[in-house]
Amino acid sequence: MSALLYATGALLFVMSGVAALLPGRPALRLTPLFMVLGAITGLASCALGMTGAARTLALPWLIPGGALTITVDALSAFFATPVFLLAGAGAVFAERYWPLDRRSARHVRAFFGVLTGALVTVLAAANTILFLAAWEVVTIAAFFLVATEHENQASRQSAWLYLAASHVAMLALFAVIGLLHASTESWAFEALPAGIAALPTGRAIFALALFGFGIKSGLMPFHVWLPGAHAAAPAHVSAVMSGVVVKMGIYGFIRVISLFDTVPVAFGTTLLVLGIISSVLGVALALAQHDLKRLLAYHTIENIGIIVSGLGVGLLARAHGASWIAALAFAGALLHVWNHGLFKALLFLSAGSVIHATHTREIDRTGGLARRMPHTALAFLIGAVAICGLPPLNGFVSELLIYLASIGGVNAAGADWSWLLVFGVAPALALTGALALACFVKAFGAIFLGLPRSERAAHANESPVAMRVAMVPLALACAAIGLAPTLLAPILERVTRDAAPGLTSAGLAHMLNGAQSVSIATVVAVAIAFAIVSILASRRSSAPTWDCGYATAAPRAQYTASSLAQSIASVFSWAMPPDVHSPRKLPLFPEKASFGSHVPDPVLDRALLPAIRHAMRLATLARWAQGGRVQFYLVSIGLTLVVLLVWSAL
Amino acid sequence: MRGLAQLLLVLVASPLLLGVINRTKAIMAGRRGQPLFQAYWDIAKLFRKGSVISLTTTWIFLLGPAVAIVVPLLASLMLPLAAPRAPIAFTGDVIVFVYLFALSRFCTTAAALDTGSAFEGMGAARELTFAALAEPALFFGFLALARVSGGISLTSFMTMDGSHWRSASAALVLVIASWFLVLLAENSRVPFDDPNTHLELTMIHEVMVLDHSGPAFGFILWGAAMKLFVYCALIVGVILPTSGSPLVDLPAILGGVLLVGVVIGLVESGMARLRLVRVPQLLVTASLVAGFAVVLVLR
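Residues numbered from 1 in each chain as written. Chains lettered and ligands numbered in written order. Predicted model: local features only at pLDDT ≥ 70, side-chain atom pairs only at ≥ 80, totals over all residues.

This part is about the overall build of chain B. When helices and strands are counted, chain B shows twelve helices and one strand. Relative to the 2.2 N^0.38 estimate, which gives 19 Å for 299 residues, the radius of gyration of chain B is 19 Å and therefore close to what a compact globule would have. Taken along the three principal axes of its C-alpha coordinates, chain B extends 55 × 45 × 40 Å. By the burial criterion, 63% of the 299 residues in chain B qualify as buried. Looking at chain B alone, contacts between residues at least 24 apart form 79% of all its contacts between residues at least 6 apart. (Helix = DSSP H or I, 4+ residues; strand = E, 2+ residues; numbered from the N terminus. Rg over C-alpha atoms; globule rule 2.2 N^0.38 Å. Buried ≥ 20, exposed ≤ 12 C-beta atoms within 10 Å, placed from the backbone. Contact = placed C-beta atoms within 7 Å.)

Below, the structure is given as structure tokens:
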């Protein structure tokens, strides 16, 4: 039943994409309906899949080796739940955000349907060929969505970079699947023979999986494609890409890990280290951004880092036999997959709402929007509190589990050095959390509070109802997971057992009980205190903000997002030196001067692009051989043949 | 019931701590100083006053003070002040404790930005920067104490029986030194911030609440006093061994908290504020010191 429903959901998504291509308006109007129906069907199937037994659905297929077999087990259903939810919410949002009279309306709807349909297929594919094929469809659909505004050069560049990076990852994944096939003699996801993790084949699988899934999930230093692609795509597409597309990489890690009986310590260590680097540098780079969507994109890297370091702690703990710590870490990482999907989508949608109203992604051209757009402001605030991992919302619950696993390592700690790394997780996570808080106070404060910094912002209007409605389920889910995490505990324990067989139960419901009661108490107490302070402050008079003697508060005198972040960014300037363009020397009567500073990406702009430029320059040395004279080519071919013949005769 | 009594205790006792600090500073400076109970009168006066609220603000402006008073109260419930167990105690409550204060920081800095004033933005930026650097120090301390006490809960950290001083004294000294720096930074005391310099560009906490007035400012003042009390109690609880009898432990902890107040007063009398560029360095030092403590207990 669950597999059939699941397939129906996927099919409805694809149908919505096809409907967008049919001529005439009526079919185009059906697309959101198909998407919402697909989302509801899919969510029902996931609910069944996470509570019931695994179900398989096999359909006829032509490609040799492949089989159209989908299996909805707890792990697939768990990862697919946010996909269905985000796809439905995104489609409703797009109805007004990317209205039908826009030139690319059909383009966006068609590829959005195909993208989401392929995404859920990747998650449930029981056959490795189907898995790769569906993933390729995801990549291509996402490429076209990123390139939606292809008249814009930055969009085109981001899209090409995304396509190139994705295909490099794909090559590695082909190799992974090939090695899996070589070890199991089957194209299905089957458990590998015991002890293979220590053999060269096993090691190669781990290394290639790290590279391939690392690129797909945007783990540092493989994140080069991510910020640009997230910034260029329409907001609801960014929500899906950041919320769930990058999670496919995490799903891939977990699926592959679940096939092994043991995982080498080195793999867990690598994940842990890369996770910590991604989380700290991701958030530090996010702080330095001026573009709202790029800022959110770097936070995706940060959160992927948190998830991956949770996985790393889990793998290390399991390798050292600390079963309950491993269970806690896996549960935390898995729950963070959901949570990040929810709050990041909420943030991207509310960012889309801001962009819709102000026509700019520059944080420093907005301001004071909370008065003009109260609902969008509330949605962004909920997302911001959740992503900072603050009680009483959902981000806190998953981070708490990862913290507990990391600090819990103290009781089980042996002399092995890899344990030392586990200790590093808690302080790193604390730093990440505090920096994320700074970043979101900056974003929320600069966009929604204070005075408007531009004409557009001053006259912004609240977004249409459809856009606001789309954010409601996401905000409610953030609040529900934060306030009643114990209800999720059985599902998490079940999925954890699927992901990492052989773990003892961590007693999650018991672990989360205390945090849950504090969360509820916080909400109640803050509500009471807010009521009291509002009543007490009702005897009030209004006046302009006191600005130390200046007559009026000038919008330009406000702290901007950049100035707010500057004091922290300067602490991290050793890792990410900013490019500053300032007037060197001003003449006696300065006419016009400009100042600008931006922080380039340390991997893409400082390492990869210079390296590529260098390689291109070296490659020009080989140009002499490419003179365009056919005789010369024939001579070279002949010579090569002779050399090969001689070599084979030796 | 026990929880309610503890809440009342924190609510009532915390402004006294401000009085003790001020009295210490006055004595050191050879002045008579303000009355010991001045903070109580200040808060009472603020609650009777009307307020002036900036035209640019939204509801966030009042959310800040509401959260600022609720968070220290909730956090104080996780401290075992009088009994072998805190009113709220569970594995991982240390993390909830830190993140509650983070929630408070989010709301107070957002409330500061709500006014659109450059001064309050400046204060918010500094608060956010310094708190981010102080956080790892707190967590390194938690790791060390978790290893020493065998539990991940404030109750287990603060109710050790004294044998920890024999087994891990060096690590404890390092943790306490580091946490004292965190206490000074988080509660905006000298050398990180000067609570007395009103309206100067060098301030952090005071400048953030420039536009709050009347009852809302009263909430902030009281909340700040309780936050200071909670941090002092945390450090005293780690230092003092527990007897298990509330009749001994409660006076010991309260006495210890007031003593920490005296020490803060002595620090403030003895040194000036650091230059702002030096502050991150001192906080990183605090983290490193606590990090050494972890290395010591892991050995």
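Now that the structure has been shown, the text picks up again.
On to the interface of chain A and chain B. Taken together, the 65 residues of chain A in the interface contact 69 residues of chain B. If you list the elements that add at least two residues to the side of chain A that touches chain B, you get helix 14 (369–372), helix 16 (394–412), helix 17 (417–448), helix 21 (508–536), strand 3 (540–543) and helix 22 (561–571) of chain A. With 14 residues, the single largest contributor to the side of chain A that touches chain B is helix 21 of chain A. In terms of residue class, the side of chain A that touches chain B is built from 46 nonpolar, 15 polar and four charged. As paired strands, strand 3 of chain A and strand 1 (residues 51–54) of chain B are joined by four bridges and run parallel to one another. Residue pairing in the sheet places Ser-541 of chain A in a bridge with Val-52 of chain B of strand 1 of chain B. (Nonpolar A, V, L, I, M, F, W, Y, C, P; charged D, E, K, R; others polar. Pairing = 2+ DSSP bridges.)

By domain assignment, chain A separates into domain 1 (2–184 + 198–523) and domain 2 (604–649). Put simply, the middle of domain 1 of chain A and the middle of domain 2 of chain A, counted by C-alpha atoms, are 42 Å apart. (Domains from an automatic or database assignment.)

Residue Pro-392 of chain A follows Pro-391 of chain A across a cis peptide bond; omega there is 10°. Positionally, Pro-392 of chain A belongs in the loop between helix 15 (374–387) and helix 16. The peptide bond linking Val-190 of chain B to Pro-191 of chain B adopts the cis configuration, its omega dihedral lying at 10°. Look at Glu-185 of chain A: it is not a glycine, yet its phi comes out positive at around 60°. Take Glu-185 of chain A: it is sitting in the loop between helix 6 (153–184) and helix 7 (200–217). Positive phi outside glycine occurs at Ser-188 of chain B, with the angle close to 50°. Within the secondary structure, Ser-188 of chain B sits in the loop between helix 8 (169–186) and helix 9 (205–208).

With that settled, consider the packing of helix 2 (residues 25–51) of chain A against helix 4 (residues 105–124) of chain A. Helix packing for two helices is described by the angle between their axes and how far apart those axes are. All names here are of chain A. The interhelical angle for the contact between helix 2 and helix 4, taken along N-to-C directions, is 15°, at an axis separation of 11 Å. If you check the angle between helix 2 and helix 4, you find them roughly parallel. At the point where helix 2 passes helix 4, the crossing takes the left-handed sense. Contacts from Leu-28, Thr-31, Met-35 and Gly-42 of helix 2 reach helix 4 at Arg-106, Arg-109, Gly-113 and Val-120. Partitioning the contact of helix 2 with helix 4 into residue classes produces three nonpolar, three polar and two charged. (Axes fitted to C-alpha atoms, helices over the stretch in contact; angles between N-to-C directions. Parallel < 35°, antiparallel > 145°, perpendicular 65-115°, else oblique. Left-handed = near helix turned anticlockwise from the far one by under 90°.)

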